[in-house]
Amino acid sequence: MRRFSRARLYCNDCYVADYSEATHSRAGVILAEQPFRDIDFFSLHGCRQPVTYIGVNLEEHRSFIRGIENCECFFASAMPCPRPWLLLLELKYCKPRNLGNNSSKAIRQMASVLRKLEDEGIIDPRRYRIYFNYSSPANTRRQPFTNFVHTQSEALELVKQSGACLFGFNDLVIASGEFLRAPKQRI
């Protein structure tokens, strides 16, 4: 991951917010180790056994994203293990009625970044457990968002095309150096 000079190493929770819309693009994506107080956000929660991972804010690497549709950021397990995880994350701050349209675009953006990571020889997707997560931080009642957008057969086709497991949550949990999982939901 030497290509990303501003990448950060994490071993606890990480929070991601996009201030672009709220500030009319004066501020953008921010990765932080503390929850935000002024904006809704995505959370990546560590587990009991700390897992070291890398976080890359793609807005801080303009040369990499030039010319492609891109997601906000990605995270990758830095733990020595047979098949570490790689999480591509796209945030959409939208009204609930726009979740469906934004979901398809979010998936394209994450797939585009994954292709470029592979094309530039930065990662070999066959060596990683790939996760795409579409998050809509302002919408907490309709998670997982992808369940309201894609049929099961469409979701399976997306997995087949990209090799990625598709999530639609505002929070994910690091289960280990090899796996992420959705948070437990109250029914």
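Residues numbered from 1 in each chain as written. Predicted model: local features only at pLDDT ≥ 70, side-chain atom pairs only at ≥ 80, totals over all residues. Heavy atoms only, no water.

1. Let's talk about the pattern of salt bridges
Per the stated rule, a full pass over the model turns up nine salt bridges. A salt bridge links Glu-33 to Arg-8, with the nearest nitrogen and oxygen atoms 2.8 Å apart. Taken together, the positions of Glu-33 in the loop between strand S3 (29–32) and strand S4 (42–45) and Arg-8 in strand S1 (residues 8–10) put the pair 25 residues apart, joining distant regions of the chain. For Glu-33, a relative accessible area of 37% puts it in the partly exposed group. For Arg-8, a relative accessible area of 39% gives the class partly exposed. One salt bridge in this structure joins Asp-124 and Arg-126, with 3.3 Å as the shortest N-O distance. Residues participating in the shared-partner salt-bridge network are Arg-3, Lys-116 and Glu-120. (Salt bridge = Lys/Arg side-chain N within 4 Å of Asp/Glu carboxyl O. Helix = DSSP H or I, 4+ residues; strand = E, 2+ residues; numbered from the N terminus. Buried < 20%, exposed > 50% of the residue type's maximum accessible area, 1.4 Å probe, protein only.)

2. As for the pairing of strand S6 (residues 73–77)
Counting buried residues in S6 gives five out of five residues, a clear majority hidden from the surface. Along S6, one buried face is formed by Cys-73, Phe-75 and Ser-77 and the opposite face, lined by Phe-74 and Ala-76, is buried too. Relative to S6, strand S5 (residues 53–57) is paired through five bridges, and the arrangement is antiparallel. Counted as the bridge partner of Val-56 is Phe-74 from S6. (Pairing = 2+ DSSP bridges.)

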